[in-house]
Amino acid sequence: MRSWRSSVLSALLGAGLGAAAVRLWSFEGPHEEARTAAAFSHCPVIPVPGIIPRVQASELTGSPGAVMKYGFPSLANVKSRDSYITSYDPRTRTASWVIERLSPASLSGSADRKCCTFKEDDSVHVFHRATNEDYRGSGFDRGHMAAAANHKWSQKAMDDTFYLSNVSPQNPHLNQNTWNNLEKLCRALTKRYLNVYVCTGPLYLPRQEADGKLYVRYQVIGPNHVAVPTHFFKVLILEQMDGKGVELRSYVMPNEPINERVPLERFLVSIETIERASGLLFVPNIMKRTSTLHAITDR
DNA sequence: TTTGCTGT
């Protein structure tokens, strides 16, 4: 039985993405704090000109200009909702990426998920649309990309996270434990950073099969063949309290049960790893490609 | 607490 670690590692290696990932996962220090510090030392910090203001409650209404200040990871089938902006992938019947902006204001309010139900996205053609029937009895959870609890500021905003275009088939144990903890971490970071931008999405990573060749293989569920991602990513854009810099943190988790005792820092990968694997480019508006990527991968 | 599921 292969561990999650070897499974992620071989998948990333298979995509030709090894260098940055190997260095992170090979780190085994005796003290967790030292390990955490070492893990974050890989995360880039980018100075930004001017002072960034904190988002106020009155500014929460989903306006693409505000949520997308760091740019679009890709441009196909972009949709704007109150709580997030997303790019839909009609071939897999799920999102390519979903971006949301978290702040203390967006996390507080009276919206209640008991009032929400998962629903088809009528803006997607029926040929390419996921339905609740696809998930029923599949063994997979309907895992939010933009999490419901991030948008208590408005019932409509929370309702919008229940479109199945904001959902991917997710291992139930992962969704309800370690992935949930990662979502809670994103919310907790709003206390230490001015604004927290979160970009979430699925990955379909190659792995080596018995003949020694690399294949991308994923299950599809239901009559509409909704793709089951092999992994999920989260890219965090953290605006520092002094408004002078932006920190980037990016995580990859396999779509399988993960022991909750494994620290979240173990799932940090370089942003380049996710960019190569996903076909997306993050923070195109601020990334200085050559110099920044050297800083990440050469460390 | 928040993440979901199934059955009535």
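Only a predicted model underlies this, so the values are computations on that prediction, with no experimental measurement involved.

Asks: Would you mind showing me how to read the protein's contact with DNA strand B here?
Replies: Not every one of the 17 residues close to DNA strand B is listed here, only the nearest: Arg113, Arg142, His144, Asn175 and Asn180. Between DNA strand B and Gly137, the relevant distance is 3.1 Å, taken from a phosphate oxygen to a main-chain nitrogen or oxygen of the residue. Here a sugar or linking oxygen of DNA strand B sits 3.0 Å away from a polar atom, N or O, in the side chain of Asn175. Where the surface near DNA strand B is concerned, the elements lending two or more residues are strand E5 (141–144), helix H8 (172–176) and helix H9 (178–188). Grouping the constituent residues of the surface near DNA strand B by class yields four nonpolar, six polar and seven charged.

Asks: It is not clear to me how the packing of aromatic side chains should be interpreted in this structure. Could you clarify?
Replies: By convention here, two paired aromatic rings are described through the distance between centres and the angle between planes. Per the counting criterion, the structure on display carries six aromatic pairs. Taking the centre distance of 4.8 Å and the plane angle of 50° together, the rings of Phe118 and Phe162 count as tilted. In this pair, Phe118 sits in the loop between helix H5 (104–107) and helix H6 (132–135) while Phe162 sits in the loop between helix H7 (155–160) and strand E6 (167–170), placing the two residues 44 residues apart along the sequence. The same class applies to Phe118 as to Phe162, namely buried. With centroids separated by 5.5 Å and ring planes inclined at 65°, the aromatic side chains of Phe233 and Phe282 adopt a geometry described as edge-to-face. Taken together, the residues span a long stretch of sequence, with Phe233 in strand E12 (residues 231–239) and Phe282 in the loop between helix H10 (271–278) and helix H11 (289–297) at a distance of 49 residues. Here Phe233 matches Phe282 in class, with each residue buried. Seen from the ring of Tyr163, Arg81 lies directly overhead, with NZ or CZ sitting 4.1 Å from the centre. Residue placement shows Lys119 over the ring face of Tyr163; its charged tip is 4.4 Å from the ring centre.

Asks: I keep staring at unusual backbone geometry and nothing clicks. Help me out?
Replies: Most peptide bonds are trans, and most residues other than glycine sit at a negative phi. Not every positive phi belongs to a glycine, and Asn77 is a case in point at roughly 50°. Residue position: Asn77 is located in the loop between helix H4 (64–67) and strand E2 (78–80). Of note in this structure, His225 is not a glycine but carries a positive phi near 55°. Residue placement: His225 occurs in the loop between strand E10 (220–221) and strand E11 (226–227).

Definitions and cut-offs
- Residues numbered from 1 in each chain as written.
- Chains lettered and ligands numbered in written order.
- Predicted model: local features only at pLDDT ≥ 70, side-chain atom pairs only at ≥ 80, totals over all residues.
- Heavy atoms only, no water.
- Near = heavy atom within 4 Å.
- Polar contact = N/O pair within 3.5 Å; in protein donor to acceptor, adjacent residues only side chain to side chain.
- Helix = DSSP H or I, 4+ residues; strand = E, 2+ residues; numbered from the N terminus.
- Nonpolar A, V, L, I, M, F, W, Y, C, P; charged D, E, K, R; others polar.
- Phe/Tyr/Trp six-rings, centres within 6.5 Å; stacked < 30°, edge-to-face > 60°.
- Buried < 20%, exposed > 50% of the residue type's maximum accessible area, 1.4 Å probe, protein only.
- Lys NZ or Arg CZ within 6 Å of the ring centre and 35° of its normal.

Coordinates in, geometry out; function isn't part of it.
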